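Summary of structural features
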Amino acid sequence: MGRMEQVAFNNKRGSGEELGFFRSLWAGYSRDQAVREAGTSGGLVTQLITDMMENGEIDAALVTGFCENHPWRARPVVVHTPAGVRAHAQSKYTMSAQNAALRDLGKKERVALVGLPCQIAGLRKAQAGGWGLEPDIVLAIGLFCLSNFLPEGTEYMIREVFGVNLEDVERVAYREGEFPGSIVVESKDGSRKSLPYPEAKQHLRPFRPYRCMVCYDWSSELADVSVGDLWSDPEREAHSCAVARSRRGEEILLSAGSAETIHLERIQAHLVTDNPGFRYKKRGNAAFIRHVRQHGLPCPDYPGVTCS
Ligand SMILES: Cc1cc2nc3c(=O)[nH]c(=O)nc-3n(C[C@H](O)[C@H](O)[C@H](O)COP(=O)(O)OP(=O)(O)OC[C@H]3O[C@@H](n4cnc5c(N)ncnc54)[C@H](O)[C@@H]3O)c2cc1C
Ligand code: SF4
C-alpha cells in the first residue's frame, strides 16, 4: 500500500500501524433525524455527501442502489441531487461493481464516491498508475468491511429463511429500522418478513467469496475518510465511526461538524479497533493469506503480511 498511500495522502503510516495512515478518529451521526434513521449506523456518509452537494462542492455522487428486476441485488448508481443521495442510504451486504460506474461519470464532473476497501484500492491504483480517470474525484469515502457476500446469500435467505419466492419480492433492505436494524423483505402482496441484522448475518456468512477471505484491509486504508459502525461502545448506538485520513477528508468532516449538520466527537483508537472486523482481517485473514501463499494460490499483494 506504500506507494498508493503516498499518492492518496502524501504520507505513510507509522510502523505497526494497522489502521493505516490517519489524522484523526471520530464518532458521529447526522443531526437530521430522518437521515440518521435511514442510514446504516449514524447516517454520517449520507449527510457528508448531501452537504457537499448542497454546498456546491460536487456535481455528482457514486453510491449504491438496487437492481430494478432483482431488487435484492446491488448496483452502482450515479446521483446528482441531495434527494438522490438520501434515497440510496444504507449498506447493501452484497456485491456491487462500484468502479465500473466511473465510466458513466461526465468528463470533469466533481464527484464524491462511496466504496469498499477493495474498490477504493482499485481507484487509488488507477490514480497512481495515471490511467486518465476523467471525473474529478473530490472525496473517496471508504466503508469498513469484514466481508461481502455473493448475491446467492440473499437469495438463500429470501427463499429458505423467509420462505418467499424470488419473483414475489418487491423490496429488500439490509439494515432497516432501529439500530442495528434488520434485513427486511417486502413481497408484492404487501406482506413483510424481517430478521435482526446480527442474526441475518449468520445466514449470509457461508456465502463469503474467496477474495474476501484473502483480504487484509478492513478500515478502507486508502480512503479520504473511512466510515463504519461503532460496535465497540454500547453507550453510542446509532453512531458512525469515522477515520479522517487525507487533509481534505478531515476538512470535510470538520466543516460538517462546524455547520452542525453532523454531531462529531473525538475517540481513541481502541474504540475503532475493538471491532470484530478488525480482528478477523488483521489476525484471521492474515493467517489465511500466509497459508494460501505457501500453497501458491492467488492472493492480492498486501505488504506486511509475510510468510514468516
Ligand atoms: C459489505 C459491507 C461490509 C461491511 N462491514 C463492516 C464491518 O465489518 N464493520 C463495520 O463497522 N462496518 C462495516 N460496514 C459499514 C457499515 O455497514 C456502514 O456502511 C457504515 O457504518 C456507514 O454507515 P452510515 O450510516 O454512516 O452510512 P449511510 O448513510 O447508511 O451510507 C452508506 C453509503 O454506502 C453506500 N453503500 C451501500 N452498500 C454498499 C456496497 N455494497 N458497496 C459500496 N457502497 C455501498 C450507500 O449507497 C450509501 O451511500 C460494511 C458495509 C458493507 C456494505
Ligand atoms: S472483504 Fe475485502 S475484498 Fe471483500 S468486499 Fe470487503 S474489501 Fe472487498
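Given the structure is predicted, the values throughout are model-derived calculations rather than measurements.

Let us look at the site of ligand 2. The environment of ligand 2 is formed by Leu 116, Pro 117, Cys 118, Cys 145, Ser 147, Asn 148, Arg 211, Cys 212, Cys 215 and Asp 217. Elements represented by at least two residues in the shell around ligand 2 include exactly helix H5 (117-128) and helix H8 (210-213). Counted by class, the shell around ligand 2 contains six nonpolar, two polar and two charged residues.

Attention now moves to H5. Over its 12 residues, H5 extends 16 Å from the first C-alpha to the last, a length consistent with the 16 Å expected when each residue adds 1.5 Å. When H5 is considered as a whole, its buried residues turn out to be Pro 117, Gln 119, Ile 120, Ala 121, Leu 123 and Arg 124. Buried residues belonging to H5 abut helix H1 (2-9), strand S4 (110-115) and strand S5 (136-143). Positive backbone phi, at 60°, marks Gly 130, one or two positions downstream of H5.

Once the domains are mapped, the protein shows domain 1 (2-147 + 210-294) and domain 2 (149-207). Put simply, the middle of domain 1 and the middle of domain 2, counted by C-alpha atoms, are 24 Å apart. Between domain 1 and domain 2, the contact holds 15 residues from the first and 16 residues from the second. Counted by class, the side of domain 1 that touches domain 2 contains six nonpolar, six polar and three charged residues.

Quick look at the pairing of strand S10 (residues 240-244) now. S10 sits mainly inside the fold: five of its five residues count as buried. Burial along S10 is two-sided: the face carrying Ser 240, Ala 242 and Ala 244 and the face carrying Cys 241 and Val 243 are both buried. As defined by bridge partners, strand S1 (residues 24-30) adjoins S10 across five bridges and the pair is classed as antiparallel. Each residue of the ladder has a partner; that of Trp 26, found in S10, is Ala 242. Two strands pair when backbone bridges link them, and strand S9 (residues 225-229) and S10 are joined in this way by five bridges, in the antiparallel orientation. Counterpart to Asp 229 in the pairing with S10 is Ser 240.

Time to look at unusual backbone geometry. In this structure, the amide linkage connecting Phe 179 to the following residue, Pro 180, adopts the cis form with an omega of 5°. If you trace the backbone, Pro 180 turns up in the loop between strand S6 (169-176) and strand S7 (182-187). For Gln 90, which is not a glycine, the phi torsion comes out positive at approximately 85°. Summarising the element assignment, Gln 90 is placed in the loop between helix H4 (82-87) and S4. A positive phi angle, close to 60°, is found at Glu 260, a residue other than glycine. Of the residues examined, Glu 260 has 9 C-beta atoms within 10 Å and is grouped as exposed.

So, on to the sheet that holds strand S8 (residues 192-196). Ordered by their spatial adjacency, three strands build an open sheet running S6-S7-S8, and the pairing between neighbours is antiparallel. In this open sheet, the two edge strands, each paired with only one partner strand, are S6 and S8. Within the sheet, the average angular offset between the axes of one strand and its neighbour, ignoring direction, is 10°. Relative to S7, S6 runs antiparallel, the two sharing five bridges. The residue bridging Glu 176 from the neighbouring strand is Ser 182, located in S7. Along the sheet, helix H7 (residues 197-204) makes contact with S6, S7 and S8, crossing S8 at roughly 90°.

Counting 56 residues, the largest nonpolar core has Ala 61, Val 111, Ala 112, Ile 141, Val 225 and Ala 242 as its most contacted members. For this core, the leading source of residues is helix H3 (residues 44-54), giving six residues. Ranked by size, the runner-up nonpolar core spans 15 residues in total, among them Tyr 93, Met 157, Ile 158 and Ile 183.

Attention now moves to the sheet that holds S1. Strands belonging to one sheet form pairs held by backbone hydrogen bonds; the direction of such a pair is parallel or antiparallel. Taken in spatial order, the eight strands make up an open sheet running S3-S2-S4-S5-S9-S10-S1-S11, and their pairing is mixed. Strands at the two margins of the open sheet, each flanked by one partner only, are strand S3 (74-79) and strand S11 (262-266). Here the strands of the sheet are splayed against their neighbours by 30° on average, with no regard to which way each runs. Contacts from H5 reach S4 and S5 within the one sheet, and its direction differs from that of S5 by about 155°.

Attention shifts here to the site of ligand 1. If you check the shell around ligand 1, you find 34 residues, and the closest are Gly 39, Thr 46, Leu 146, Gly 228 and Gly 277. Those elements giving two or more residues to the shell around ligand 1 turn out to be H3, strand S2 (60-66), S4 and S9. A per-class count over the shell around ligand 1 returns 14 nonpolar, 18 polar and two charged.

If you check which residues of H7 are buried, you get Tyr 197, Ala 200 and Leu 204. In a view along the axis of H7, the buried residues occupy a sector of 60°, so they form one face of it. Turned more than 90 degrees away from the buried face of H7, the exposed residues are Pro 198, Glu 199 and Gln 202. Residues of H7 that are buried make contact with helix H6 (151-161), S6, S7 and S8.

Rules behind the numbers
Residues numbered from 1 in each chain as written. Chains lettered and ligands numbered in written order. Predicted model: local features only at pLDDT ≥ 70, side-chain atom pairs only at ≥ 80, totals over all residues. Near = placed C-beta within 6 Å. Helix = DSSP H or I, 4+ residues; strand = E, 2+ residues; numbered from the N terminus. Nonpolar A, V, L, I, M, F, W, Y, C, P; charged D, E, K, R; others polar. Expected span 1.5 Å × (residues − 1). Buried ≥ 20, exposed ≤ 12 C-beta atoms within 10 Å, placed from the backbone. Contact = placed C-beta atoms within 7 Å. Domains from an automatic or database assignment. Pairing = 2+ DSSP bridges. Axes fitted to C-alpha atoms, helices over the stretch in contact; angles between N-to-C directions. Core = buried A, V, L, I, M, F, W, Y, C linked by C-beta atoms within 7 Å. Arc of directions from axis to C-beta.

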